[in-house]
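# Summary of structural features
Residue-level listing of the chains:
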Amino acid sequence: MSLMSLIAALPKTELHLHIEGSLEPELMMALATKHNVSLPYTTVEEVAAAYQFDSLQSFLDLYYLGASVLRDEEDFYCLMRDYLQRSHAQGVVHCEIMFDPQTHTERGIGYDVFMPGFCRAIEEAKQNGGPSVLLILSFLRHLTEQEAIQTLQDAKPYLDRITAVGLDSSEKGNPPEKFARVFEQAGQHGLLKVAHAGEEGPASYIWSALNTLQVDRIDHGVRCLEDPELVEHLVQHQIPLTVCPLSNVKLCVYEKMEQHPLRDMLAKGLNVTVNADDPSYFGGYLLENYQALVTSLALTREEALTLIRNGFRASFLAPEQKQYWL
Ligand code: ES4
Ligand code: ZN
């Protein structure tokens, strides 16, 4: 059996996935037509051709533009349904999915629109043998902490459907400590915590996410390699890092996949997982990320098995559910 067939056949997790980043050009164009939203693209090919990024910000600009076609409950249902169908087809059995409430509330679209849409698709997947899903409410770090606090307050009626909070969007200049109070409040509500850190921003942001926000996982975290003491800490405490190889190359964190440090990270004993991030923008879902590692880094069978096992270890599943997959 080839390594890719093995990876495809094994049950896997997805722990770093922005649902808005799974909006495929076909659905984007269909929803733009449905709601009469004008986009700077007229065909699916033009959308795909526009996805050339030179930084995180250049991507985020198109990501927020794309999300502007999401208007009613059915749109959010279709978005989640399509993602879960694709991940199910790739052997993903458990997903922890981020959504950005502020991307929608800023446009006047509330929790009462997107949450029922997401939850209907999640329930349907469960009935049909699809992946289990936990939701992560992610704050936009380019906005103020006060706005994040309001976003958490607005989520109160839905907290039984939300497992964790996260922190995403423009990293540089928006360090984790800006959100100390809202993360503390989230903890008081019993929510777990993750944050993007050390993607484009410095290793010091990873320290801050750990020490100030007390996160349970770091999203990306690849720039930890610039700080040996931090690497030692991450290894010692086995803090999970949700690494997204195709994302890192698409956003020019590394020039080529051949330069991606994922294998070095594994060799150092870091608790690395593989994830898709924004699959429709970055050229692939989970299996395409593994394919890139196999092709460009000559990932070994042992490493692939470790990565897949790490996904379950790093998940927010209850210990007995974890044990089932391990
Ligand atoms: C994101 Cl790759 C990435 N980084 C930060 N924020 C994001 N939001 C969606 N994708
Ligand atoms: Zn991300």
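Residues numbered from 1 in each chain as written. Chains lettered and ligands numbered in written order. Predicted model: local features only at pLDDT ≥ 70, side-chain atom pairs only at ≥ 80, totals over all residues.

## Topic: the UniProt feature "site: Important for catalytic activity" (unreviewed entry) in the protein
What counts is decided by this rule: UniProt positions are given in the numbering used here, feature names are shortened, and annotations may be inferred rather than shown by experiment. Where helices and strands are cited, they refer to DSSP runs of H or I of at least four residues and of E of at least two residues respectively, numbered from the N terminus. We call two residues in contact whenever the C-beta atoms placed from their backbones are within 7 Å.
Annotation from UniProt places "site: Important for catalytic activity" (unreviewed entry) at H220. One can find H220 in strand β6 (residues 217-220). Sequence-distant contacts of H220, defined by excluding residues within four places in its chain, comprise H196, A197, G198, E199, T242, V243 and C244.

## Some details on the site of ligand 1
What counts is decided by this rule: The C-beta atom of each residue is placed using the backbone, and any residue whose C-beta lies within 6 Å of a molecule or strand is treated as near it. Polar here means any residue other than Ala, Val, Leu, Ile, Met, Phe, Trp, Tyr, Cys and Pro, which are nonpolar, and Asp, Glu, Lys and Arg, which are charged; Gly is therefore polar.
Taken together, H18, G21, L56, Y63, D168, S169, H196, E199, S247, D277 and D278 form the complete shell of residues around ligand 1. Its residues placed into classes, the shell around ligand 1 shows 2 nonpolar, 5 polar and 4 charged.

## Re helix α16 (residues 301-313)
Stated precisely, the cut-off is as follows: One less than the number of residues in a helix, times 1.5 Å, gives the span that helix is expected to have. To sort residues by burial, count the other C-beta atoms lying within 10 Å of each one's C-beta; a count of 20 or more means buried, 12 or fewer means exposed, and anything in between means partly exposed. C-beta atoms are built from the backbone.
Compared with an ideal rise of 1.5 Å per residue, which puts 13 residues at 18 Å, α16 spans 18 Å between its outermost C-alpha atoms and is within 8% of the ideal. Along α16, the residues that are buried comprise L307, I308, N310, G311 and F312. In this fold, the buried residues of α16 make contact with β1 (12-18), β8 (271-274) and α17 (319-325).

## Examining the UniProt feature "binding site: Zn(2+)" (unreviewed entry) in the protein
Mapped onto this numbering, the UniProt entry gives "binding site: Zn(2+)" (unreviewed entry) at H16, H18, H196 and D277. For this annotated set, covering 262 residues, all C-alpha atoms fall within 11.7 Å of each other, a compact arrangement in space. Residue contacts for H16: discarding those within four places in its chain leaves D219, T242, C244, N275 and D277. Here H18 shows up in strand β1.

## Describing the packing of helix α5 (residues 73-89) against helix α7 (residues 111-127)
Here is the rule: Under this scheme, a helix contributes an axis fitted over its contacting stretch, all axes are lines through C-alpha atoms, and angles between N-to-C directions fall in the 0 to 180 degree range. For any pair of crossing helices, the crossing counts as left-handed if the nearer helix is rotated counterclockwise from the farther one by less than a right angle, and right-handed if it is rotated clockwise.
At a minimum axis separation of 7 Å, α5 and α7 run at an interaxial angle of 35°. Between α5 and α7 the crossing geometry is right-handed. Where α5 abuts α7, its residues E73, E74, D75, F76, Y77, M80, R81 and L84 lie against V113, F114, P116, G117, F118, R120, A121, I122, E124 and A125. Broken down by class, the residue content of the contact of α5 with α7 amounts to 11 nonpolar, 1 polar and 6 charged.

## A few points about unusual backbone geometry
Phi is positive for N36, which is not a glycine, with a value near 60°. Position of N36 among the secondary structure elements: in the loop between α2 (25-35) and α3 (44-50). With a phi angle near 55°, A298 is a residue other than glycine that sits in the positive phi range.

## Some details on the sheet that holds strand β5 (residues 192-197)
The condition that has to hold: For two strands to count as paired, DSSP must find a minimum of two bridges between them.
Here 8 strands make up an open sheet; going across it, the order is β1-β2-β3-β4-β5-β6-β7-β8 and the pairing parallel. Two strands close off the open sheet at either side, each with one partner strand: β1 and β8. For this sheet the average axis-to-axis angle between neighbouring strands, irrespective of direction, equals 25°. Two elements, strand β3 (residues 132-140) and strand β4 (residues 164-168), share 5 bridges in a ladder whose sense is parallel. Residue L137 lies in a different strand from β4, and its bridge partner there is V165. Packing of α16 onto the sheet brings it into contact with β1 and β8, and relative to β8 it is tilted by some 100°.

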